[in-house]
Amino acid sequence: GQNIDQPTEMTATEGAIVQINCTYQTSGFNGLFWYQQHAGEAPTFLSYNVLDGLEEKGRFSSFLSRSKGYSYLLLKELQMKDSASYLCAVRDEYSGAGSYQLTFGKGTKLSVIP
Amino acid sequence: KAGVTQTPRYLIKTRGQQVTLSCSPISGHRSVSWYQQTPGQGLQFLFEYFSETQRNKGNFPGRFSGRQFSNSRSEMNVSTLELGDSALYLCASSYTGGSNQPQHFGDGTRLSIL
């Protein structure tokens, strides 16, 4: 099974940097995803990590440490439009027939204030 | 290309009724997964379909079922609706459901049970 923890809420100031942490305990691991979900909208894919280290994509970066069961999403130069929920999701071990289940954390609601 | 399309967007039912939700994946995507999202539990995996076969199933009662058609479109059905079934139901698609493939979500169907 999977257990994924992330903070429930965070607040940060426009123009600042914020780090959203995610810890996981899994019986297997085949990658970690970060999604952004604005209120009333679909989750949208932000990043994927399967190897240890930092993946950078514009203002967003994601880090993974498999030995520590830890990931973070780093958002730089925050903008008001970054106010959203950020979901951490782990692909668990191969469950047969080509299926890799994706288990989500409950999400971190980020509020960006002026 | 068009994204994942879910219909209807909103649905109101009463206890004991049944409901069918529809999902059309992105063209070329053959893996379709369904999730239930509630404020308290976050996103929870229901099941995944690939090539008209259910490959994986989450921990939901048998009242929740689904199917996939030869054109990869999928439907999920909930029978004998309960108040606790009120939620946002999200469908997500990917090419084959491989471990490194991000899932692309539809806007969801918001189901309210009276």
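Our structure's up above, just so we're on the same page.
Conventions used here
- The numbering scheme is per chain: residues are counted from 1 as the chain's sequence reads.
- Chain labels run from A onward and ligand labels from 1 onward, assigned in the order the entries are written.
- Since the coordinates come from a predicted model, pLDDT governs what is reported: local features require at least 70, and pairs of side-chain atoms require 80 or more to be given and counted, while whole-chain, interface and lining totals use all residues.
- Values shown for side chains rest on all heavy atoms present in the structure; no hydrogens or waters enter the calculation.
- Helix numbers and strand numbers start at the N terminus; a helix is a DSSP run of H or I with at least 4 residues, a strand a run of E with at least 2.
- Two things to know: the radius of gyration comes from C-alpha atoms, and the globule rule equals 2.2 Å times the number of residues to the power 0.38.
- Buried residues are those whose accessible area, probed at 1.4 Å on protein chains only, stays under 20% of the maximum for their type, while exposed residues exceed 50% and partly exposed ones sit between those limits.
- Throughout, a residue-residue contact means that at least one pair of heavy atoms, one from each residue, lies within 4.5 Å.
- Areas reported as accessible are Shrake-Rupley estimates using a 1.4 Å probe. Residue values count occlusion only from the protein chains shown.
- Counting rule applied: Lys, Arg positive; Asp, Glu negative; His and chain ends not counted.
- In this description, the location of a charge corresponds to atom NZ of lysine, CZ of arginine, CG of aspartate or CD of glutamate.
- Counting rule for disulfides: a pair of cysteine sulfur atoms within 2.5 Å.
- Buried area: the sum, over both parts, of the accessible surface (1.4 Å probe) that disappears when the two are put together.
- Any carboxyl oxygen of Asp or Glu that lies within 4 Å of a side-chain nitrogen of Lys or Arg is treated as forming a salt bridge with it.
- What qualifies as a polar contact is a pair of N or O atoms within 3.5 Å, subject to a donor-acceptor requirement within protein and to the restriction that residues adjacent in sequence count only when both atoms come from side chains.
- Classification used: nonpolar for Ala, Val, Leu, Ile, Met, Phe, Trp, Tyr, Cys and Pro, charged for Asp, Glu, Lys and Arg, polar for all others including Gly.
- Under the pairing criterion, centres of Phe, Tyr and Trp rings, with the six-membered ring standing for Trp, must be within 6.5 Å; the plane angle then separates stacked pairs below 30 degrees from edge-to-face pairs above 60, leaving the rest tilted.
- We call a charge positioned above a ring when the Lys NZ or Arg CZ atom is no farther than 6 Å from the ring centre and deviates by at most 35 degrees from the ring normal.
- Only strands that DSSP links by at least two bridges are regarded as paired with each other.
- All axes here are fitted lines through C-alpha atoms, helices being fitted over the stretch that makes contact, and every angle between N-to-C directions spans 0 to 180 degrees.

Peer 1: Hey, could you go over the overall build of chain A for me, with residue numbers and the actual values?
Peer 2: Broken down by element type, chain A carries zero helices and 11 strands. Reading chain A from its N terminus to its C terminus gives the helix and strand order β-β-β-β-β-β-β-β-β-β-β. Taken against the 2.2 N^0.38 rule, which gives 13 Å for 114 residues, the C-alpha radius of gyration of chain A at 14 Å falls within 12% of a compact globule. Principal-axis analysis of the C-alpha atoms gives chain A an extent of 50 × 30 × 20 Å. Taking all 114 residues of chain A together, 46% fall into the buried category. Here the analysis covers contacts within chain A between residues at least 6 apart in sequence; of these, 57% occur between residues at least 24 apart. Entry remark: accessible area of chain A is about 5,400 Å², with carbon and sulfur atoms responsible for 49%. Positive and negative charge centroids in chain A, built from 9 and 11 side chains respectively, lie 1 Å apart.

Peer 1: I'd like a description of the state of the cysteines, backed by residues and values.
Peer 2: Evaluated as defined, the whole model comprises two disulfides over all chains. What pairs with C22 of chain A in a disulfide is C88 of chain A, and their sulfur atoms sit 2.0 Å apart. Between C22 of chain A and C88 of chain A, the disulfide has an S-S torsion of -65° and is therefore left-handed. Here C22 of chain A, found in strand 3 (residues 18-26), pairs with C88 of chain A, found in strand 9 (residues 84-91); they are 66 residues apart in sequence, far enough to count as distant. We classify C22 of chain A as buried; its relative accessible area is 0%. One disulfide in the model links C23 of chain B with C91 of chain B; its S-S distance is 1.7 Å. With the S-S bond torsion at -55°, the cross-link from C23 of chain B to C91 of chain B turns out left-handed. Here C23 of chain B is found in strand 3 (residues 19-24), whereas its partner C91 of chain B is found in strand 9 (residues 87-94), with 68 residues between them in sequence. This pair shows no difference in class: C23 of chain B is buried, exactly as C91 of chain B is.

Peer 1: Tell me about the interface of chain B and chain A, and please be specific about residues and values.
Peer 2: Residue-level contacts link 24 residues of chain B with 20 residues of chain A. Both faces considered, chain B and chain A share a buried interface measuring about 1,800 Å² in area, 49% of it formed by carbon and sulfur atoms. At the surface where chain B touches chain A, the tally comes to zero salt bridges. Between the two partners, chain B and chain A, sit five residue pairs in polar contact (both at pLDDT 80 or more). The residue makeup of the side of chain B that touches chain A, split by class, is seven nonpolar, 12 polar and five charged.

Peer 1: Describe the packing of aromatic side chains, and please don't skip the residues or the numbers.
Peer 2: The full count for this structure, using the stated rule, is 16 aromatic pairs over all chains. Between the aromatic rings of F104 of chain A and F105 of chain B, the centroid separation amounts to 6.0 Å while the plane-to-plane angle is 75°, which identifies the pairing as edge-to-face. Separated into two different chains, F104 of chain A in strand 10 (residues 102-104) and F105 of chain B in strand 10 (residues 104-105) make up a pair that spans both. When sorted by exposure, F104 of chain A lands in the same class as F105 of chain B, which is buried. Here a set of aromatic residues connected by ring pairs shows up, and it is made of F33, Y35, F45, Y48 and F104 of chain A together with Y35, F45 and F105 of chain B. The cationic tip of R55 of chain B hangs over the ring face of F50 of chain B; the distance from NZ or CZ to the ring centre is 4.3 Å.

Peer 1: Quick one: what's the story with the sheet that holds strand 8 (residues 74-78) of chain B, residue by residue and with numbers?
Peer 2: Residue and element names in this part refer to chain B. Here four strands make up an open sheet; going across it, the order is 1-3-8-7 and the pairing antiparallel. Of all the strands in the sheet, the pair left with one neighbour each is strand 1 (5-7) and strand 7 (64-68). Here the strands of the sheet are splayed against their neighbours by 20° on average, with no regard to which way each runs. In the sheet, strand 7 pairs with strand 8 via five bridges, with the strands oriented antiparallel.

Peer 1: An account of the side chain of N49 of chain A is requested, with residue identities and associated values reported.
Peer 2: Residues and elements named next belong to chain A. Along the chain, N49 turns up in strand 5 (residues 44-49). Within the structure, N49 has its side chain in polar contact with the side chain of S62 (distance 2.6 Å). When neighbours within four sequence positions are excluded, N49 is seen to be in contact with F29, G31, L32, E55, S62, F63 and L64.

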